[in-house]
Amino acid sequence: QVQLVESGGGLVQAGGSLRLSCAASGRTFSGYAMGWFRQAPGMEREFVAAIVWSGGTTYYADSVKGRFTISRDRAKNTVYLHMNTLKPEDTAVYYCVAREFNSATWSNQRDYQYWGQGTQVTGSS
């Protein structure tokens, strides 16, 4: 079993930056990919970014492309989300996710077997 623990959320002014971290514990992560989803108040949960654990290929939602960067440190079993040029609409609870297998899509929540508890990110205008 894999446990995911996020950290790094907080309040940041529009245009600012923030870095989220997610540490996988329980066992060394050897699955296919890790990533991030987010859920804004009153909205459905949406895909943000993912990274293939072995090769490092990355995938992004159009809404964050060019502003957010996902990276991983395999030695630390940790994935990061570097968020730049934050906007008020980025305000959401951000969830770290992990999946064991590849599939045709990245945005389907059901493809991710492990979820963190979430960390709040608030972009103030």
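Scroll up for the structure.
About the criteria used
Residues numbered from 1 in each chain as written. Predicted model: local features only at pLDDT ≥ 70, side-chain atom pairs only at ≥ 80, totals over all residues. Heavy atoms only, no water. Helix = DSSP H or I, 4+ residues; strand = E, 2+ residues; numbered from the N terminus. Buried < 20%, exposed > 50% of the residue type's maximum accessible area, 1.4 Å probe, protein only. Core = buried A, V, L, I, M, F, W, Y, C linked by side-chain atoms within 4.5 Å. Contact = heavy atoms within 4.5 Å. Salt bridge = Lys/Arg side-chain N within 4 Å of Asp/Glu carboxyl O. Pairing = 2+ DSSP bridges. Axes fitted to C-alpha atoms, helices over the stretch in contact; angles between N-to-C directions.

## Digging into unusual backbone geometry
No. 1: Look at Asn77: it is not a glycine, yet its phi comes out positive at around 55 degrees.
No. 2: Along the chain, the position of Asn77 falls in the loop between strand E7 (68–73) and strand E8 (78–83).
No. 3: Judged by relative accessible area, which is 8%, Asn77 ranks as buried.
No. 4: Positioned with a positive phi, Thr85 is a non-glycine residue whose angle comes to about 50 degrees.
No. 5: Owing to a relative accessible area of 44%, Thr85 belongs among the partly exposed residues under this scheme.

## Some words on the nonpolar core
Side chains of a nonpolar character, in soluble globular proteins, are inclined to be buried together.
No. 1: Leu4, Met34, Trp36, Val79, Leu81, Met83 and Tyr94 are the most contacted members of the largest nonpolar core, which has 36 residues in total.
No. 2: Not counting residues up to four positions away in its chain, the partners in contact with Met34 are Leu4, Cys22, Ala24, Phe29, Ala50, Ile51, Trp53, Ile70, Val79, Cys96, Val97 and Ala98.

## Some details on the pattern of salt bridges
It is possible for side chains of opposite charge to pair when their charged atoms get near one another.
No. 1: Across all of its chains, the model carries four salt bridges by this definition.
No. 2: Residues Lys65 and Asp62 are paired through a salt bridge, measuring 3.1 Å at the closest nitrogen-oxygen approach.
No. 3: On the basis of relative accessibility, which here comes to 66%, the residue Asp62 falls in the exposed class.
No. 4: One network of salt bridges, in which partners are shared, links Arg38, Glu46, Arg67 and Asp90.

## Side note on the sheet that holds E8
No. 1: Strand order in the open sheet formed by four strands is E1-E3-E8-E7, and the pairing between neighbours is antiparallel. Since the sheet does not close on itself, it has two edges, and those belong to strand E1 (3–7) and E7, each with one partner. Neighbouring strand axes in the sheet, compared pairwise and without regard to direction, differ in orientation by 20 degrees on average.
No. 2: Sheet analysis places strand E3 (residues 18–25) next to E8, joined by six bridges and oriented antiparallel. Bridge pairing links Ser21 to Tyr80 in E8.

## Topic: the environment of Gly10
No. 1: Structurally, the position occupied by Gly10 is in strand E2 (residues 10–13).
No. 2: Gly10 gets classed as partly exposed once you look at its relative accessible area, which sits at 26%.
No. 3: Residues within four places of Gly10 in sequence aside, it is in contact with Leu18, Gln120, Val121 and Thr122.

None of this, on its own, says anything about what the molecule does.
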